[in-house]
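What follows is each chain in one-letter form.
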Amino acid sequence: MDLITILGPTASGKTQAATRLAKAINAEIISADSRQVYRRMDIGTGKDLSDYTIEGQAIPYHIIDIAEPGTKYNVFEYQRDFLKAYEDIRERGRRVVVCGGTGLYLESILRGYRLSPVPQNPALRASLEGKTLSELTEILKTYKRLHNSTDVDTAQRAIRAIEIAEHYVEHPLEDRPFPRLTSYTIGIDVDREVRRSRISARLRERLKQGMVDEVRALLAEGIEAEDLIYYGLEYKYLTLYATGHITYDEMFKQLEIAIHQFAKRQMTWFRGMERRGLPIHWMSLDYFLSHLTDIDAASR
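Now for a look at the structure at hand. Computed from a prediction, not measured in an experiment: that's the story for all the values here.

The residue Lys47 is located in the loop between β2 (27–32) and β3 (53–54) in this model. A polar atom in the side chain of Lys47 sits 2.6 Å from the backbone oxygen of Tyr38. Of the polar contacts made by the side chain of Lys47, one reaches the side chain of Asp42; its length is 2.8 Å. With residues near it in sequence (within four places) discarded, Lys47 still touches Gln36, Tyr38, Arg39, Arg40, Met41, Asp42, Tyr52, Ile64 and Asp65.

Let's shift gears to the pattern of salt bridges. Inspection of the entire model under this criterion finds 22 salt bridges. We note a salt bridge from Arg300 to Asp296, for which the minimum N-O separation is 3.1 Å. Judged by relative accessible area, which is 16%, Asp296 ranks as buried. Salt bridges sharing partners connect three or more residues here, namely Glu28, Asp88, Arg92 and Arg94.

Time to look at helix α8 (residues 211–220). Within the span of α8, buried status applies to Met211, Val212, Glu214, Val215 and Leu218. Relative to the axis of α8, the buried residues are bounded by an arc of 160° and lie together on one face. On its buried side, α8 packs onto α7 (192–209), α9 (225–230) and α10 (233–242). A positive phi of about 105° marks Gly222, the residue just after α8.

Generally speaking, nonpolar side chains in soluble globular proteins are found buried as a group. Counting 58 residues, the largest nonpolar core has Leu3, Ile30, Tyr78, Phe82, Val98, Leu207 and Met273 as the members making the most contacts within it. The element best represented in this core is helix α11 (residues 248–275), accounting for 11 residues. Apart from residues no more than four positions distant in its own chain, Ile30 is found in contact with His62, Ile63, Tyr78, Phe82, Ala85, Tyr86, Ile89, Val96, Val97, Val98 and Cys99. One finds Ile6, Ile25, Ala27 and Ile188 within the second-largest nonpolar core, a separate group that totals 23 residues.

What follows deals with the packing of helix α2 (residues 75–91) against helix α3 (residues 103–110). In the contact formed by α2 and α3, the axes pass within 10 Å of each other and the chain directions differ by 55°. The angle between the axes of α2 and α3 places the two elements in the oblique class. With respect to the hand of their crossing, α2 and α3 are arranged in right-handed fashion. Between α2, through Val75, Tyr78, Gln79 and Phe82, and α3, the contact on the second element is made entirely by Leu104, Tyr105, Ser108 and Ile109. Its residues assigned to classes, the contact of α2 with α3 shows 6 nonpolar, 2 polar and no charged.

Next up on the list: unusual backbone geometry. Positive phi, normally seen in glycine, also occurs at Arg40, with a value near 65°. In this structure, Glu55 takes a positive phi of about 50° despite not being glycine. One can find Glu55 in the loop between β3 and β4 (57–58).

On to the environment of Gly13, then. With respect to the helices and strands, Gly13 occurs in the loop between β1 (3–7) and α1 (14–25). Each C-alpha atom of the pair Gly13 and Ser127 lies 41 Å from the other, and the pair is 114 residues apart in sequence.

Summarising burial for strand β6 (residues 95–100): 6 of the 6 residues are buried, a large majority. Pairing of β1 with β6 involves 4 bridges; the strand directions are parallel. Pairing of Thr5 across the sheet is with Val98, part of β6. As defined by bridge partners, β2 adjoins β6 across 6 bridges and the pair is classed as parallel. Within β6, the residue paired with Ala32 across the bridge is Gly100.

Another aspect to go through is the packing of aromatic side chains. For the coordinates displayed, the defined rule picks out 10 aromatic pairs. Here the aromatic rings of Tyr78 and Phe82 are separated by 6.2 Å at their centres, their planes lie at 40°, and the arrangement is tilted. Placement of both Tyr78 and Phe82 in helix α2 is noted, with a separation of 4 residues, approximately one turn of the helix. A connected cluster of aromatic rings, assembled from ring pairs, spans Tyr73, Tyr78, Phe82, Tyr86, Tyr105 and Phe178. Seen from the ring of Tyr230, Lys72 lies directly overhead, with NZ or CZ sitting 4.6 Å from the centre. Sitting above the plane of the Trp282 ring, Arg271 keeps its charged end 4.6 Å from the centroid.

Our next topic: α2. Between the first and last C-alpha of α2 there are 24 Å, a value that for 17 residues agrees with the 24 Å anticipated at 1.5 Å per step. Where α2 is concerned, the buried positions are Val75, Phe76, Tyr78, Gln79, Asp81, Phe82, Leu83, Ala85, Tyr86 and Ile89. Just downstream of α2 lies Gly93, where phi reads positive at about 75°.

The rules behind these values
- Residues numbered from 1 in each chain as written.
- Predicted model: local features only at pLDDT ≥ 70, side-chain atom pairs only at ≥ 80, totals over all residues.
- Heavy atoms only, no water.
- Helix = DSSP H or I, 4+ residues; strand = E, 2+ residues; numbered from the N terminus.
- Polar contact = N/O pair within 3.5 Å; in protein donor to acceptor, adjacent residues only side chain to side chain.
- Contact = heavy atoms within 4.5 Å.
- Salt bridge = Lys/Arg side-chain N within 4 Å of Asp/Glu carboxyl O.
- Buried < 20%, exposed > 50% of the residue type's maximum accessible area, 1.4 Å probe, protein only.
- Arc of directions from axis to C-beta.
- Core = buried A, V, L, I, M, F, W, Y, C linked by side-chain atoms within 4.5 Å.
- Axes fitted to C-alpha atoms, helices over the stretch in contact; angles between N-to-C directions.
- Parallel < 35°, antiparallel > 145°, perpendicular 65-115°, else oblique.
- Left-handed = near helix turned anticlockwise from the far one by under 90°.
- Nonpolar A, V, L, I, M, F, W, Y, C, P; charged D, E, K, R; others polar.
- Pairing = 2+ DSSP bridges.
- Phe/Tyr/Trp six-rings, centres within 6.5 Å; stacked < 30°, edge-to-face > 60°.
- Lys NZ or Arg CZ within 6 Å of the ring centre and 35° of its normal.
- Expected span 1.5 Å × (residues − 1).

Right, here's the structure in full:
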């Protein structure tokens with residue numbers, strides 16, 4: 001196999017799984033997370049960079065902290081950066097572990113999507129302006145081409161997803177070749193109620209760690225509120241709170257619900273990957289951690 005992929009919904013423990021495996025097999029980790037690419041967006045994106053040091057040993061990671069907040073990183077750029085990191089790791093004789101929960105990014109490399117940069121479409125954007133997120137989501141469902149429904153939780157992101165989908169209706173996906181890579185893919189399985197409990201506990205902990213202050217610092221350095229809201233989830237609701245649009249209690253309740261919904265969408269995407277021909281070996285985190293040797297053997 002060319003690589004081992006570890007995926008799972010938020011709060012499943014996939015980062016812990018990936019770092020433990022990487023240490024055991026002398027591998028490096030390539031992240032597949034659409035928001036962890038941004039610098040200074042640490043608590044809200046759940047980077048948990050301390051997890052990348054095990055028993056004093058630093059586990060090398062890639063495609064984290066590579067873009068400035070306020071910019072809009074996309075799957076085309078991800079494929080470019082992934083290939084660069086992958087080839088570098090392999091040239092140095094080390095193995096590759098991919099870890100993340102952004103279904104679009106994962107599927108783009110596991111199925112070898114061929115993509116090209118998608119320019120803005122002002123006319124299309126104008127026609128979509130004023131529509132609700134629910135209306136935009138229904139429009140997005142009408143497209144059969146590649147689009148990201150996992151992370152679409154703001155109107156801006158939905159419009160961009162429609163823009164990308166519409167572009168590929170009129171332009172072939174053969175513009176940029178991407179190598180076919182073989183992967184032993186593992187899904188970290190967690191009971192739904194356990195996952196919900198972890199999400200709520202983790203949200204409280206991250207708020208204690210200073211997640212609100214993180215957002216305020218980004219706003220203070222001049223990043224527009226609408227640009228932070230574009231990133232969705234924590235950055236959407238914390239920005240609305242920091243700018244006085246909602247109360248703290250409203251922020252917490254709405255964000256908690258949004259993260260639960262996000263985890264559900266992630267699982268829907270992963271099940272879709274299986275239906276589209278990508279086998280995923282589901283196992284609990286405890287099973288994974290106690291069978292690293294077996295996983296290593298199965299992935300070779």
